[in-house]
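# Breakdown of the fold
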Amino acid sequence: MEPAPLSSLQEEGEGEPAAAAGEDSSAFSAATVPPRPATHHSLHKYAPLDWSAYFDEERRVAIPDTDDVFNVYTAGSEGPVVFCLHGGGYSGLSFALAASHMKDKARVVAMDLRGHGKSTTSNDLDLSIETLTNDVIAVIRKMYGASPPAIILVGHSMGGSVAVHVAARKEIRNLHGLVVIDVVEGTAMASLVHMQKILSNRAQHFPSIEKAIEWSVKGGPLRNIESARVSIPSTLKYDESRECYTYRTPLEQTEKYWKRWYEGLSDKFLSCPVQKILLLAGTDRLDRALTIGQMQGKFQMVVVRHTGHAIQEDVPEEFASHILNFISRNKIGPNGVEIPGLIKKWGH
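Residues numbered from 1 in each chain as written. Predicted model: local features only at pLDDT ≥ 70, side-chain atom pairs only at ≥ 80, totals over all residues. Heavy atoms only, no water.

Looking at an unreviewed UniProt entry, the chain carries the name Protein phosphatase methylesterase 1, with the source organism given as Urochloa decumbens. Per UniProt, the comment on the chain under Catalytic activity (unreviewed entry) is "[phosphatase 2A protein]-C-terminal L-leucine methyl ester + H2O = [phosphatase 2A protein]-C-terminal L-leucine + methanol + H(+)". (UniProt positions renumbered as here; feature names shortened; annotations may be inferred.)

A few words on the UniProt feature "active site" (unreviewed entry) in the chain. Per the UniProt record, "active site" (unreviewed entry) is found at Ser 157, Asp 182 and His 309. These annotated residues cover 153 residues of sequence, and their C-alpha atoms all fall within 8.3 Å of one another, placing them together at a single site. Here Ser 157 lies in the loop between β5 (151–156) and α4 (158–169). Overall, the relative accessible area of 1% leaves His 309 in the buried class. (Helix = DSSP H or I, 4+ residues; strand = E, 2+ residues; numbered from the N terminus. Buried < 20%, exposed > 50% of the residue type's maximum accessible area, 1.4 Å probe, protein only.)

Take the pattern of salt bridges next. Applying the stated criterion across every chain yields a total of 12 salt bridges. Here Asp 56 makes a salt bridge to Lys 103, at a shortest N to O gap of 3.3 Å. Of this pair, Asp 56 sits in the loop between α1 (42–45) and β1 (57–62) while Lys 103 is found in the loop between α2 (96–102) and β4 (107–111), placing the two residues 47 residues apart along the sequence. The exposure class of Asp 56 is partly exposed, given its relative accessible area of 48%. For Asp 124, the salt bridge identified is with Arg 248, shortest N-O distance 3.4 Å. Here Arg 248 lies in the loop between β8 (244–247) and α9 (255–262) and Asp 124 lies in the loop between β4 and α3 (129–144), a separation of 124 residues in the sequence. What makes Asp 124 partly exposed here is its relative accessible area of 26%. Residue class for Arg 248 comes out buried when judged on its relative accessible area of 15%. Among the charged side chains, a network of salt bridges with common partners joins Asp 68, Arg 114 and Asp 135. (Salt bridge = Lys/Arg side-chain N within 4 Å of Asp/Glu carboxyl O.)

Here we come to the pairing of strand β6 (residues 175–181). Across a regular strand the side chains alternate sides, sitting on one face of the sheet and then on the other. Within β6, 7 of the 7 residues are buried, which leaves the element mostly enclosed by the surrounding structure. Relative to β6, β5 runs parallel, the two sharing 6 bridges. Bridging across to β6, Leu 153 finds its partner in Leu 178. For the handedness criterion, the β-α-β arrangement of β5, α4 and β6 is classed as right-handed. Where β6 lies against strand β9 (residues 275–280), 5 bridges are found, and the strand directions are parallel. Paired with Val 179 across the two strands is Ile 277, which belongs to β9. (Pairing = 2+ DSSP bridges. Right-handed = clockwise from strand over helix to strand, strands pointing away.)

Shown next, in the form of structure tokens:
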């Protein structure tokens, strides 16, 4: 498992992409995806798709007394809020397909974190866990004020760490659930030594957005072409000087923050006073603290088969069903936990 989406997006003509270092390198290698011949019609096959087919609205959330403005996608008008946080190098559109499967029963919100997507801040390179956590709390407060609806925090990879830290701060009123996607402290910490090599092995430039999308599923982190067509464009920026596309987020410049993303994560996750579920893309990943916690029934764990690191992108319908089942099983309504004949609204 990788702590962030740092696997390769290779350009055509560069040969087979380098496998990500670590125990699950096969999940990120080109060998797991059938080779596709490069043809002219492939440009249409990998053409970008607009967010509006999946989300209902795109909002700009300005944080008072700062220069920070966060881009937020929303879908749905009923049920509790499923507030989604993407991994490092991804964007809020990582949850686009999943949102389309959830929005009839929940209000889905997916923000672009600092330094990602369309969000703009005074320091896009400050990806410290403290700053990312403060950002999310500030966005939720700006959107919902002092009396928010019932909220379920969902976080993938780096975003999973942010979700845990937000929940552990106990500053979000009416928080009822925590969903962490494919990140475990033990394996994440062990893989950090490989991250700069993985980053340096990536293709750094793409002649077109279509080529970046194509390689994201051929040799990169994704396995779902439709999701890649929606999410990958928001992870790129155009380099005028080189006349090509490169990465929106320079993850290699944020190394000093990586360790703190995952250090102590398991104990912090277990300490969060809300219902919890851990979705994993493979087996035998629990570290000692989580293994004991699971045996004690402190959280639910689901292993999702036939998917890569980005579960919400690769199998969005199955992912959505896990989230909706979590909401239903814990009787989380639009305002809190609902019991027949009684509505109980939890505070902190």
